[in-house]
Amino acid sequence: MAKPAFVSLTFDDGLRCQFERAVPILDRCTLTATFFLIANTYPWHERPDWRKIEWDADDIQSLRGMAQRGHEIGSHSVNHKDPDPQSPKFDSSFDPKFEAEESKRLIESWMGAKIQSFCYPFCKNPEPLKNAVSSAKYEQARAGATGLSYYSPQESIDFLHVDCRQITANENVSEWIRPDCWHILMIHGIGGSQDGWCPIREDQFATQMKDLAMRRDSGDVEVVTFKDGAERLRQSK
């Protein structure tokens, strides 16, 4: 009998819409997810209309409550700058060591817990940033999305360069499920165009999660955090 698939839902950028709209749906469906957060207290530098968490006392209390319910909090750098020197958006002041280490230090201090997972800004992990993530002692890091969204226990995997699949509004949940494989899904805005990149309407997201929960209840899939998915794959080798 084939082993069930295991799926990790990952959310980027710490957008407030994720906590206002996605988290209640996840909690109702008893699904856990990983939230990669930008570790600063100021508005989104490129899109101030995209509301993000501000790391005030209420945000920290809410995030700690999420962690107690099984969700994972990860780092998405301090400033979310493009790390690729070949990119026209590259800022020569980008400091890989600072972005990896300081984001970990800040989020650990706010959460009162170890942060094990990193997500590369703009899904890019040039060698200097990847090396900084390794030196900062993250256990796993998500990049993507280049099309490969799942891994089997039989194939080799670089746990500091885990690919993913960008989730859109029109998704067939059955495509997320291949027996005995780890699937990593990337989600941004929940709502409208003002709520983040490539947004999914709240009702569409709710339908996707209900479908995923139904498949979990039937034994076809397990839903795990990013760190737990990585650990599951490590143990299977």
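What counts as what
Each chain has its residues counted from 1, following the order in which its sequence is written. For a predicted model such as this one, the threshold for reporting local features is a pLDDT of at least 70, and the threshold for listing and counting side-chain atom pairs is 80 or more; totals across whole chains, interfaces and linings nevertheless cover every residue. Based on all heavy atoms of the structure, the side-chain values leave hydrogens and waters out of the count. A run of DSSP states H or I qualifies as a helix once it reaches four residues; a run of E qualifies as a strand once it reaches two. Both are numbered from the N-terminal end. C-alpha atoms define the radius of gyration in this analysis, and the globule rule sets the expected value at 2.2 Å times the number of residues to the power 0.38. Think of it in three bands: residues with accessible area under 20% of the maximum for their type are buried, residues over 50% are exposed, and the middle band is partly exposed, with areas taken using a 1.4 Å probe on protein chains only. Note on contacts: a residue pair qualifies if any of its non-hydrogen atoms lie within 4.5 Å across the two residues. Every accessible area reported is derived by Shrake-Rupley at a probe size of 1.4 Å, with residue values counting cover from the shown protein chains alone. A helix is expected to span 1.5 Å multiplied by its residue count minus one. Within 3.5 Å is the distance limit for a polar contact, defined as a pair of N or O atoms, with the added protein rule that one can donate a hydrogen and the other accept it, and that residues adjacent in sequence qualify only through two side-chain atoms. What counts as a ring pair is set by centres within 6.5 Å for rings of Phe, Tyr and Trp (its six-membered ring), and what kind of pair is set by the plane angle: stacked under 30 degrees, edge-to-face over 60, tilted for all other angles. The rule for a charge over a ring is simple: NZ of Lys or CZ of Arg within 6 Å of the ring centre, and within 35 degrees of the ring normal.

(A) Looking closely at the overall build of the protein chain. Helices and strands together make up the secondary structure of the protein chain, namely six helices and nine strands. A compact globule built from 237 residues should have a C-alpha radius of gyration of about 18 Å, and the protein chain, at 17 Å, falls within 12% of that. Its C-alpha atoms give the protein chain principal-axis dimensions of about 55 × 35 × 35 Å. When each of the 237 residues of the protein chain is scored for burial, the buried share is 53%. Of the contacts made within the protein chain by residues no fewer than 6 positions apart, 67% connect residues no fewer than 24 positions apart. Accessible surface, the protein chain as shown: approximately 10,700 Å² in total, 49% of it carbon and sulfur.

(B) The arrangement of helix H3 (residues 96-111) in detail. Its 16 residues place the ends of H3 22 Å apart at the C-alpha level, agreeing with the 22 Å of an ideal helix rising 1.5 Å per residue. Those residues of H3 lying buried are Pro96, Glu99, Ala100, Glu102, Ser103, Lys104, Leu106, Ile107, Trp110 and Met111. Contacts from the buried residues of H3 go to strand E2 (34-37), helix H2 (57-68), strand E3 (72-75), strand E4 (117-119) and helix H4 (127-135). Two to three positions downstream of the cap, the backbone nitrogen of lysine 97 sits 3.2 Å from a side-chain oxygen, assigning the N-cap of H3 to aspartate 95. Just past H3, the residue glycine 112 takes up positive phi, approximately 65 degrees.

(C) Expanded view of the packing of aromatic side chains. In the structure shown here, the tally under the stated rule is 11 aromatic pairs. Through pairs of rings, three or more aromatic residues link up here, namely Phe11, Phe19, Phe35 and Phe205. It is lysine 104 that lies over the ring of tyrosine 138; its NZ or CZ is 5.7 Å from the centre. Of note, arginine 234 hangs over the ring of phenylalanine 159, and the distance from its end group to the ring centre comes to 4.3 Å.

Any functional reading would require information that these geometric values do not contain.
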